[in-house]
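Structural characterization, general
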Amino acid sequence: MREIVLDTETTGLDPLRGDRLVEIGCVEIFNRMPTGQTFHRYFNPERAMPAEAFAVHGLSTEFLAAKPLFVEEVDEFLAFIGDAPLVIHNASFDISFINAELDRIKRPALSRDRLVDTLLLARRKHPGVSNRLDDLCSRYQIDNSRRTKHGALLDAELLAEVYIDLIGARQSQLVLASESREVRVSGVGDMPRRQRETPLAPRVTEADRAAHREFVLTLGDKPVWNDFLPAAAV
């Protein structure tokens, strides 16, 4: 299953009061594993950056002034996320800003039905404690030392790791790995293969084997494949 882990940065807390989206970061995961595919854009919010927001993410008015408008990048963004579920920490915040930008350019809103809110998941799993992204990284021993300020792509990458732990998918992957064997394919790379708990029943019957033995006897003392065997094996 394809999912998109998403994070945003903004000029403030409320799109209804004129705050704007300034950054989107997306990380693709497939069957609960990051694929390495990402989407990352900065946007010109067409307004000054308040000091409070700048202190959070470090994106200045001057830096963003040279970036494209949301309308210029929206098609690539929508193509990247497709119809996949959106995994977001405190999803109502991010989706309200994205939908406000979509409404501003007369595009349909993203459905809230497709949201997976990791903050709600964390509160159910770890009630009564703080469940900020930094707290979850610490709880699941995920290195967030690069996170000196908020950044949409970095936060999405960290959240993808948190999400995998939060839903127990990493433990399942470890169990799968422990049941697997490494098989070298064409001499390049190692591919883990899960072993069947119950081997498949053989499809070759004793009659098939007897027919094969009779056929081999018809080939004489010098069958053609002996030409391709090492001398010691002939």
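Above this text is the structure in question.
Below: a short report on this structure. Model, not experiment: these values are computed from the prediction.

This part is about unusual backbone geometry. The backbone of arginine 32 shows a phi angle near 65°, a positive value even though the residue is not glycine. Along the chain, the position of arginine 32 falls in the loop between strand 2 (21-30) and strand 3 (33-42).

Right, let's get into the side chain of serine 60. Here serine 60 lies in the loop between helix 1 (51-57) and helix 2 (61-65). There is a polar contact of 3.0 Å between the side chain of serine 60 and the backbone nitrogen of phenylalanine 63. Contact partners of serine 60, with chain neighbours within four places excluded, come to Met49 and Phe54.

Take the pairing of strand 1 (residues 2-10) next. Summarising burial for strand 1: eight of the nine residues are buried, a large majority. Both strand 1 and strand 2 contribute to a ladder of nine bridges, which runs antiparallel. Within strand 2, the position partnered with arginine 2 by the bridge is phenylalanine 30. Where strand 1 meets strand 4 (residues 86-88), two bridges bridge the pair, whose relative direction is parallel.

A word on the environment of methionine 49. With respect to the element layout, methionine 49 can be found in the loop between strand 3 and helix 1. Judged by relative accessible area, methionine 49 falls into the buried class, the value being 12%. Put simply, methionine 49 and glycine 12 are 37 residues apart on the chain and 8.6 Å apart in space, counted from C-alpha to C-alpha. Not counting the four nearest positions on each side in its chain, methionine 49 is found in contact with Thr10, Thr11, Val22, Phe54, His57, Leu59, Ser60, Thr61 and Leu64.

Summarising burial for strand 2: nine of the 10 residues are buried, a large majority. Looking at chain direction, strand 2 and strand 3 are connected through seven bridges and run antiparallel. Each residue of the ladder has a partner; that of isoleucine 29, found in strand 3, is proline 34. Connecting strand 2 to the antiparallel partner strand 3 that follows it, the hairpin turn spans two residues, and asparagine 31 within it adopts a positive phi of roughly 50°.

Attention shifts here to the pattern of salt bridges. Taken as a whole, this structure holds 15 salt bridges when the rule is applied. Of the charged contacts, one joins aspartate 14 and arginine 17 as a salt bridge, the two residues approaching to 3.6 Å between their closest N and O atoms. For aspartate 14, a relative accessible area of 25% gives the class partly exposed. Overall, arginine 17 belongs to the exposed group, its relative accessible area being 74%. For the salt bridge of arginine 20 with glutamate 46, the shortest nitrogen-to-oxygen distance reads 3.6 Å. Here arginine 20, found in the loop between strand 1 and strand 2, pairs with glutamate 46, found in the loop between strand 3 and helix 1; they are 26 residues apart in sequence, far enough to count as distant. Through salt bridges that share partners, Arg20, Glu46, Glu101 and Arg104 make up one connected network.

Tracing the chain through its elements places aspartate 155 in helix 7 (residues 152-166). With relative accessibility at 2%, the residue aspartate 155 sits in the buried group. Aspartate 155 has contacts with Asp7, Glu9, Leu133, Arg147 and His150, leaving out every residue within four places of it along the chain.

Inspection of helix 5 (residues 118-125) places Thr118, Leu119 and Ala122 among the buried residues, and these make up the whole buried set. In an axial view of helix 5, the angular spread of the buried residues amounts to 100°, which keeps them on one side of the axis. Turning to helix 5, the residues buried within the fold contact strand 4, strand 5 (115-117), helix 6 (133-139) and helix 7. The N-capping residue of helix 5, defined by a side-chain oxygen 2.9 Å from the backbone nitrogen of leucine 119, is aspartate 117.

What counts, and where the lines are drawn
Residues numbered from 1 in each chain as written. Predicted model: local features only at pLDDT ≥ 70, side-chain atom pairs only at ≥ 80, totals over all residues. Heavy atoms only, no water. Helix = DSSP H or I, 4+ residues; strand = E, 2+ residues; numbered from the N terminus. Polar contact = N/O pair within 3.5 Å; in protein donor to acceptor, adjacent residues only side chain to side chain. Contact = heavy atoms within 4.5 Å. Buried < 20%, exposed > 50% of the residue type's maximum accessible area, 1.4 Å probe, protein only. Pairing = 2+ DSSP bridges. Salt bridge = Lys/Arg side-chain N within 4 Å of Asp/Glu carboxyl O. Arc of directions from axis to C-beta.

So far we have only geometry, and geometry alone does not tell us how the molecule works.
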